[in-house]
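Working through the structure, step by step
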Amino acid sequence: MARRRPPPTARRRPVLLLLVALAVVAGCGTGPSLENRGEVDVPPGDSKHLTIGSAGFTESDLLAQMYALLLDRAGYGTRILSVTNREIYEPALESGRIDVVPEYAATFADWLNAKVNGEDAPPAGSPDLTATMTALRRLAAPRGLTVLDPGRAVDQNAFAVARPYAAEHDLKTLSDLGRSGLPVRLAAGDECVQRPYCEPGLKETYGIDITGIDPKGVGTTQAKQAVQSGRDQMMLTTTTDATLDQFDLVLLDDDKHLQNADYIVPVVNRARAGATGVTTALGRLNTVLTTEDLASMNEEVDSWRRLPEDVARTYLTSKGLL
């Protein structure tokens, strides 16, 4: 996915832009768009007042709060800006209106690749983290962006089955399920029938007998209930899903690495936040944050209704980072 609560005057609350302001961010950068002015080649900057972007969902809010707390401790002044649309916050990151954003390596590589090379370009992200990071950095650098090192935390697509079902058939991995020959009805989104990481990949990579797709979405309560009840045998979710235990579900290990390397990476505006001060401060998170930690924190916010800042502060304090 317990932290101490800061005094009310110290609590940082995300700044939420109205639609009019968002349009300004998207359309009024500090210069012409990168498509018209070539590559950005500037020395790494070290602005002492940084804006951290959040994509507006729980996990992104938690990461933004942790980034802000670590940067505060390193002597930077910070504020958090919640912008839920990548089409808006990525240009704002390029222009320097946002300085730091938590991203997902393979997803962001594919997004930049489509922006640069068109929607039909071959994917830049892959299950190989090294190859994905190389492609991502190659795409980001000309746009004035620096991608910092990934840590251990990853938020990938994942597949869950009911715990009793896994125990009955001795299932721990997707390979186990393929070898079992069991027919599997999969709860997922409509697009699963076409996406290489979903039905086609499960069949080709693991030999799983997918008999049909139950279109209940990704990680939804309805999908979890369908698997829990036995109506479906498996569901598509993510590795940081915080509520699987509530439905007595368990993830099967993607032991052949079907899923792309969506490790969490900070992306910074090089001209404002590319210096070693920011890199060092944010790099401290890489030594502790795991996928399991992030799932637990997601649960604290989503199920226990704790504030993301409180959860982030308590976590960093417990790890000796604050």
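In this report, we go over the structure that sits alongside the text. (Residues numbered from 1 in each chain as written. Predicted model: local features only at pLDDT ≥ 70, side-chain atom pairs only at ≥ 80, totals over all residues. Heavy atoms only, no water.)

**Some points on the nonpolar core**
One broad rule of soluble globular proteins: the nonpolar side chains tend to lie buried together. One finds Met-66 and Leu-285 to be the most contacted residues of the largest nonpolar core, which totals 34 residues. Contributing elements (two or more residues each) for this core: β2 (49–54), α3 (58–73), β4 (100–104), β11 (264–269), α12 (276–283), α13 (291–302) and α14 (308–318). Here the element with the most residues in this core is α3; it accounts for 9 residues. The contact partners of Leu-285, leaving out residues within four places of it in the chain, are Met-66, Tyr-67, Leu-70, Tyr-315, Leu-316 and Leu-321. Ala-160, Cys-192, Leu-202 and Leu-244 belong to the second largest nonpolar core, which has 32 residues in total. (Core = buried A, V, L, I, M, F, W, Y, C linked by side-chain atoms within 4.5 Å. Buried < 20%, exposed > 50% of the residue type's maximum accessible area, 1.4 Å probe, protein only. Helix = DSSP H or I, 4+ residues; strand = E, 2+ residues; numbered from the N terminus. Contact = heavy atoms within 4.5 Å.)

**Re the sheet that holds strand β8 (residues 209–215)**
Pairing within the open sheet is mixed, and its 5 strands lie in the order β8-β7-β9-β6-β10. Two strands in the sheet have a free side with no partner beyond their single neighbour: β8 and β10 (249–252). Direction aside, neighbouring strands of the sheet carry axes that sit 40° apart on average. Of the pairings in the sheet, the one linking strand β7 (residues 183–188) to β8 comprises 6 bridges and is parallel in character. For Pro-183, the partnering residue across the bridge sits in β8 and is Asp-209. Contacts from helix α9 (residues 199–206) reach β6 (157–162), β7, β8 and β9 (234–238) within the one sheet, and its direction differs from that of β8 by about 165°. (Pairing = 2+ DSSP bridges. Axes fitted to C-alpha atoms, helices over the stretch in contact; angles between N-to-C directions.)

**With respect to the packing of aromatic side chains**
Taken as a whole and assessed by the stated rule, the structure comprises 1 aromatic pair. On the numbers, 6.4 Å between centres and 10° between planes, the contact of Phe-108 with Trp-111 is stacked. Of this pair, Phe-108 and Trp-111 both sit in helix α5 (residues 105–117), separated by 3 residues, roughly a single helical turn. For the residue pair Phe-108 and Trp-111, the accessibility class agrees, reading buried in each case. Of note, Lys-48 hangs over the ring of Tyr-76, and the distance from its end group to the ring centre comes to 4.5 Å. (Phe/Tyr/Trp six-rings, centres within 6.5 Å; stacked < 30°, edge-to-face > 60°. Lys NZ or Arg CZ within 6 Å of the ring centre and 35° of its normal.)

**Comments concerning the state of the cysteines**
Working definition of a disulfide: a covalent bond connecting the sulfur atoms of two cysteines. A full pass over the atoms with the stated rule returns 1 disulfide. Across the disulfide, Cys-192 is cross-linked to Cys-198 (sulfur-sulfur distance 1.8 Å). Looking along the S-S bond of the Cys-192-Cys-198 disulfide, the torsion reads about -85°, which is the left-handed sense. Comparing Cys-192 with Cys-198 shows no difference in burial state: the two are buried. (Disulfide = S-S within 2.5 Å.)

**Brief notes about the side chain of Asp-176**
For Asp-176, the location among the structural elements is in helix α8 (residues 174–180). Asp-176 gets classed as buried once you look at its relative accessible area, which sits at 17%. In contact with Asp-176, not counting residues within four places along its chain, are Asp-170 and Leu-171.

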